[in-house]
Structure formats: structure tokens, C-alpha cells
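In case you want the letters, here they are:
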Amino acid sequence: MSESADRASIHRRLEAVGQGHLLKYYDLLPPGEKQTLLSQLAGLDIEGLPALVRDYVQNKPAFVLPADVQPADYYPFNADSAARKWDKARFRKAGEDLLRAGKVAAFVVAGGQGSRLGYEGPKGCYPAGAVTERPLFEMFADQLLAVKRKYGRAAPWYIMTSPLNHSATVAFFEQHAYFGLDPKDVKFFPQGVMPSLDIKTGKVLLAAKGEIATNPDGHGGAIKAICVSGALADMKQRGVEHLSYFQVDNPTVKVVDPVFIGLHAAAPDSSAQMSSKMTPKAYPEEKVGIFCKINGKTEVVEYSDLPMDLQRQTLPDGSLRFIAGSIAIHIISVAFIEKLGTDPAFSLPYHRAEKKVPCIDIETGEPINPTTNNGVKLERFVFDALGMCEGGNGKKGSIVYETDRVEEFAPIKNAEGVDSPQTSRELQTERAARWLERAGVKVARGADGKPQGVLEIRATTALEAEDLMGQKLPTEIAAGTSMVL
Ligand code: UTP
């Protein structure tokens, strides 16, 4: 079809849904930009826009708390706990067998915009190592090098980028020679985007005269992106059955955890579709999603949706009743992703976020750098897939495994304050200190109990505390030491 016919047909379709303004500056664009805009518009679900505007801009989706909300069951970190005894060694073995058989891949979602951190470039390039300031991507790569050494088999690594950071991410890996990994075991694919909508009118915003304003479609966009990008076919061809899902901003995450993988795949109550890790909430008001059992099924309820009186309820021992906080670590089976990604009945819902979206004034064509929220971004959340797992009514379902916060949750979200580079450094140091102390090293701690220095243990030195046993270590770490092992 000719360019003018393309334009005419897209224009008709846009006019029909009240979005004709998107071509207002078309005739003024240089030829190359004309084509780019038309391609961008052709990729848009134009006919789907009115429903999005109605449901997310003109109306705000209301969360209705179901009547039957209970705390989710979980496998306690201490497998000898009176609440639920379980055989950690058995599940570790099951997970290790899967790793040795090449049935597990690491999967990081790295398509976010990291706007709270305010870092230029893909967040995975952020210098996160407490002492070495190694980039997040390198910290994960180190783990995968150690995993290959330990289990004799490389776990492939799938990296979801967004169209906004894809080339920068791939270039970063190339510049660093894939951090020692075999490039054929590292696969990048971009997630999809959604148009950003004007908060008042629902009109799609223009980033420039020849470009629609878009945002990555959320970590939940991973399901579709895996299916359409060729990643699913690659996983199947390699015989990968389970994905170890994690977020790019948590340097202490276990990129693959044999115990968790084993529980997911082999626990008697697991449907082996999608499993989750939790850490106990530190206090009732803590802003994390909470694992609940809704009509018998495990789901995450956002902190803002669970009434505060429920969040404050305690058990006779004083602990919180709704204690299981989500830390965005899951195992997802490849078969489950294929089912969700190819059957429209399982489409994940959108969530609405109000944001400042740089755009142009449609009347004047002048750029606007908003100081208040002017746009609505629509994103999908991966944890909504939990509700699509089988389960409830006595059937096997989605399981939750408790972990220790210091061991594997040191996120970098904000430039300062909570979940910042500073708190992450402290957590990395605390974890290193604990591992060293378990190996008999004396670590100087202050009156507040915190290690008096900065410590970092590279994953190639130890993936877990036990790996330090038998290694040549200092006998003592004095106050003020900054040390990498
Ligand atoms: P966050 O919710 O922290 O969002 O993402 P963000 O975009 O990184 O940061 P802010 O909110 O703008 O400050 C949690 C994880 O999900 C990934 C992020 O890269 C991070 O690993 N993510 C988020 C995606 O992969 N795609 C998205 O569209 C959104």
C-alpha cells in the first residue's frame, strides 16, 4: 500500500475513535519521520483505545476486596519450624537435579524506566556492588558463572528490555564481553509498550510531532513478550522448563535458588506453574504487596487494597497475621507462560499510574515538561498471573516460600532513603558479615550492631554462606575496613 493510502486508512481509524490529533503535524514531518510515525500508529491497537480511555482515564478501576481473604500459607525459612516442618534437603536436591539437567533459566525483567532512581541508562548498568561498584548486570552474571561451575551446566539467561533501553543494554554487554558468559546463553528481547494517555481527556499524548508518547507495558508484559519475541521457542528448543524470575534492581537476589526451584517443581501442594518468595513484613504499614489466599487461591493484594485493620491483625504470638510480603521473586514454568501468552482468556489486567509525561502541546506544537501528573500510564503486573494458576478447593496450587530479607532483598529503587544505594550497601555488608561470621571470622560491629565497614563477597567467591567454609579467610575484619572477597 502507498504511504498516502496508509495515512488515509490510519487517519480514518484514528478519527473514528477520537484520536485524529495524532496526525495533526504529519504533513510537516520530513519523509523519514512520516514513515516512523505511521509504523508506530500501525502497531497500536487503535480500536482498543476507547475501552482503555473509558476504563482507566474517565473511570478508575475500583478494587473490590473479595469476602474470603485469608493469609497465604507458606513454607517457613526455618524448615524445622513447629508451624510447618519440611525437608529442605530433599527440595534442594530436586532443584539441583533440574539445574544439572539444564531445565532452569534465569529471567530478569529489565525494561523499567527507573525514574525514581533517576539514573541515566538501563538500570542494570547501575554501579551497585557495595565496594566494587560493579554494575547490577555483572553481579547477576557472576552468579551465573558460579552456578555453571557448581552444577556443571550453564543456566541460560533471558533479559527483558524495553524498546527504550534495548540497544543500550545489548551494547553494555558487548562492551563488557558478556562479563565472561557465553553470548549464546544470554538472550535479550524487548517488551511491548502502551501509549501514554492525557489524564484529563484520554487522548494519546505526542512525545514529539512525529512520535507517540509510550511507556513499557509493565513487568507483566513479560508473558506476551516471551511468547512473541522468539524467547519461548528458544526455551523450548533448549529444554528449559522453569524460569527463575527476578527484578533488575536487587543485587542480592539468588539468580537461581535450588531449594526454591525444587519446592516449585516438586512440593506436594505445588501446581508447578508459578511460585513466589516472600519476606515477613517488618511492620503493618510497610508498602509491599501481601500474599493472601483469595477463595482458596494464592494471590498478591497490593498494600493499598488490603484494609489497614487486616494488616494490623496479629496472631497470639504477636506476629502479623498477614505477614507474607512480596519481594517480586518467582519461578514460572515455561508451559504456564505459553498458556497465559497464547490463550486470550488469560489476559492480565492493566493497572493505572498517574505520571508526569513530557509531551508536546497539541494546539501549539510546543514541548511541555510537566510539573504535575499529566498522563496515565498503563502497565501489567506479573504477579496478577498468580490468580490464573490452578488451585483452591483442595487442588494443588501456587506456593510461597519464606526467605530472609538480609539474604536476598537489597533493592535499589530510590536515589535516597528507603531502598536506596545506601540501604543496599548496608544490606550487602550485613549479609557478607553474617556469612563471614558463620565461617568463624570476627567482624567488628558497632554499638548499633552494624558492621563497621563496607563488605562485599563476589558470587564467584561464594554463592551462599556454606561456600565460604574451607576458604582462606582473614581471621578478623577491623572497624573501618572496606573489603571485597
Ligand atoms: P519498578 O516497579 O521498580 O519500576 O520495576 P521501574 O520502571 O524500574 O522504576 P520506577 O518506578 O520508574 O522508578 C520493577 C522491575 O520491573 C521491571 C523493572 O526493570 C524492574 O526490574 N519492569 C518494570 C519492566 O521490566 N518493565 C516495565 O514496564 C516495568
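Here goes a summary of the coordinates provided. Just so it is clear, the model here is predicted, and its values are computed rather than measured.

1. Digging into the overall build of the chain
- Broken down by element type, the chain carries 13 helices and 23 strands.
- Judged by the C-alpha coordinates and their principal axes, the chain covers about 75 × 50 × 50 Å.
- The buried share of the chain, reckoned over its 485 residues, is 52%.
- Charged side chains of the chain number 57 positive and 60 negative; the gap between the two group centres comes to 3 Å.

2. Focus on the site of the ligand
- Neighbouring the ligand are 19 residues; Val109, Ser115, Arg116, Gln191 and Gly218 lie closest to it.
- One nitrogen or oxygen atom from the main chain of Gln113 is found 2.8 Å from an oxygen atom belonging to the ligand.
- The side chain of Lys413 places a nitrogen or oxygen atom 2.8 Å from an oxygen atom of the ligand.
- Relative to its unbound accessible surface of 570 Å², the ligand loses 90% to contact with the protein.
- Of the residues contributing to the shell around the ligand, the split by class is five nonpolar, nine polar and five charged.

3. A few points about the nonpolar core
- Ranked by size, the top nonpolar core spans 53 residues in total, and within it Phe137, Trp157, Ile159 and Phe173 carry the most contacts.
- Counting only elements with at least two residues in this core, the list comes to helix H4 (88–100), strand E2 (104–109), helix H5 (136–151), strand E3 (157–161), helix H6 (166–175), strand E4 (186–190), helix H9 (258–266) and strand E14 (324–333).
- A per-element tally of this core places H5 first, with nine residues.
- In terms of nonpolar packing, the next biggest core, distinct from the first, is built from 39 residues, Val109, Phe189, Leu232 and Ile332 among them.

4. Here we look at the state of the cysteines
- If you walk through the whole model with that rule in mind, you get zero disulfides.
- With no disulfide partner, Cys389 has as its closest neighbouring cysteine sulfur the one in Cys227, 15 Å distant.

5. Comments concerning helix H13 (residues 421–438)
- Look at H13: 26 Å from first C-alpha to last across 18 residues, which is about the 26 Å you get at 1.5 Å a residue.
- Among the residues making up H13, those that are buried are Pro421, Ser424, Gln428, Thr429, Glu430, Arg431, Ala432, Ala433, Trp435 and Leu436.
- Buried residues along H13 sit against H5, helix H12 (405–408), strand E20 (442–443), strand E21 (453–456) and strand E22 (476–477).
- Phi for Gly440, located one or two positions after H13, is positive at around 95°.

6. So, the packing of aromatic side chains
- The final tally for this structure, using the stated rule, is 20 aromatic pairs.
- Between the aromatic rings of Trp86 and Tyr401, the centroid separation amounts to 5.6 Å while the plane-to-plane angle is 85°, which identifies the pairing as edge-to-face. In this pair, Trp86 sits in the loop between strand E1 (69–71) and H4 while Tyr401 sits in strand E19 (residues 400–402), placing the two residues 315 residues apart along the sequence.
- The buried category is assigned to Tyr401, whose relative accessible area is 4%.

7. What to know about the sheet that holds strand E18 (residues 375–379)
- Taking strand neighbours across the sheet as the criterion, the three strands line up as E6-E18-E15 in an open arrangement whose pairing is antiparallel. The open sheet has two edge strands, strand E6 (197–198) and strand E15 (351–355), and neither has a second partner.
- Pairing of E15 with E18 involves five bridges; the strand directions are antiparallel. Within the sheet, the bridge partner assigned to Lys355 lies in E18 and is Gly375.
- With respect to the sheet, helix H3 (residues 49–58) is in contact with E6, E15 and E18, its orientation differing from that of E18 by roughly 110°.

8. Here we look at the pattern of salt bridges
- Scanning all chains against the criterion turns up 36 salt bridges.
- Between Glu338 and Lys236 there is a salt bridge; the shortest N-O distance is 2.8 Å. Residue Glu338 is found in helix H11 (residues 334–342), and its partner Lys236 is found in helix H8 (residues 231–238); the two are separated by 102 residues along the sequence.
- With its nearest N and O atoms 2.6 Å apart, the salt bridge here joins Glu466 to Arg438.

9. Focus on the pairing of strand E10 (residues 242–247)
- Most of E10 is tucked away: six of the six residues are buried.
- With burial as the criterion, each face of E10 is covered, one bearing His242, Ser244 and Phe246 and the other bearing Leu243, Tyr245 and Gln247.
- In terms of strand pairing, E2 meets E10 through six bridges, oriented parallel. Considered in E10, the bridge of Val109 is made with Gln247.
- Bridge count between E10 and E14: four bridges; the pairing is antiparallel. Note that in E14 the partner of His242 across the bridge is Ser333.

10. What to know about the packing of helix H7 (residues 221–229) against H8
- Between H7 and H8, the least distance of the axes is 4 Å, while the angle of their chain directions is 70°. In terms of axis orientation, H7 runs roughly perpendicular to H8. Of the residues in H8, those in contact with Ile226, Cys227 and Ser229 of H7 are Ala231, Leu232 and Met235.

11. Some words on H7
- Of the residues making up H7, those classed as buried are Gly221, Ala222, Ile223, Ala225, Ile226 and Cys227.
- Against the buried residues of H7 lie E2, E3, E4, H8, E10 and H11.
- Directly after H7, the chain includes Gly230, whose backbone phi takes a positive value near 100°.

12. Re unusual backbone geometry
- Phi at Ala177 is positive, roughly 50°, even though this residue is not glycine.
- Checked against the element boundaries, Ala177 lands in the loop between H6 and E4.
- Ala177 gets classed as exposed once you look at its relative accessible area, which sits at 55%.
- A positive phi angle is found at Phe179, which is not glycine, with a value near 55°.
- Residue class for Phe179 comes out buried when judged on its relative accessible area of 9%.

13. Topic: the environment of Leu310
- Inspection of the secondary structure puts Leu310 in helix H10 (residues 308–312).
- A relative accessible area of 16% means that Leu310 is categorised as buried.
- Leu310 sits eleven residues away from Arg321 along the chain, and the two C-alpha atoms are 8.0 Å apart.
- Leu310 has contacts with Leu65 and Phe322, leaving out every residue within four places of it along the chain.

What counts, and at which threshold
Residues numbered from 1 in each chain as written. Predicted model: local features only at pLDDT ≥ 70, side-chain atom pairs only at ≥ 80, totals over all residues. Heavy atoms only, no water. Helix = DSSP H or I, 4+ residues; strand = E, 2+ residues; numbered from the N terminus. Buried < 20%, exposed > 50% of the residue type's maximum accessible area, 1.4 Å probe, protein only. Lys, Arg positive; Asp, Glu negative; His and termini not counted. Charge placed at Lys NZ, Arg CZ, Asp CG, Glu CD. Near = heavy atom within 4 Å. Polar contact = N/O pair within 3.5 Å; in protein donor to acceptor, adjacent residues only side chain to side chain. Areas by Shrake-Rupley, 256 points an atom, 1.4 Å probe, with all protein chains shown as cover. Nonpolar A, V, L, I, M, F, W, Y, C, P; charged D, E, K, R; others polar. Core = buried A, V, L, I, M, F, W, Y, C linked by side-chain atoms within 4.5 Å. Disulfide = S-S within 2.5 Å. Expected span 1.5 Å × (residues − 1). Contact = heavy atoms within 4.5 Å. Phe/Tyr/Trp six-rings, centres within 6.5 Å; stacked < 30°, edge-to-face > 60°. Pairing = 2+ DSSP bridges. Axes fitted to C-alpha atoms, helices over the stretch in contact; angles between N-to-C directions. Salt bridge = Lys/Arg side-chain N within 4 Å of Asp/Glu carboxyl O. Parallel < 35°, antiparallel > 145°, perpendicular 65-115°, else oblique.

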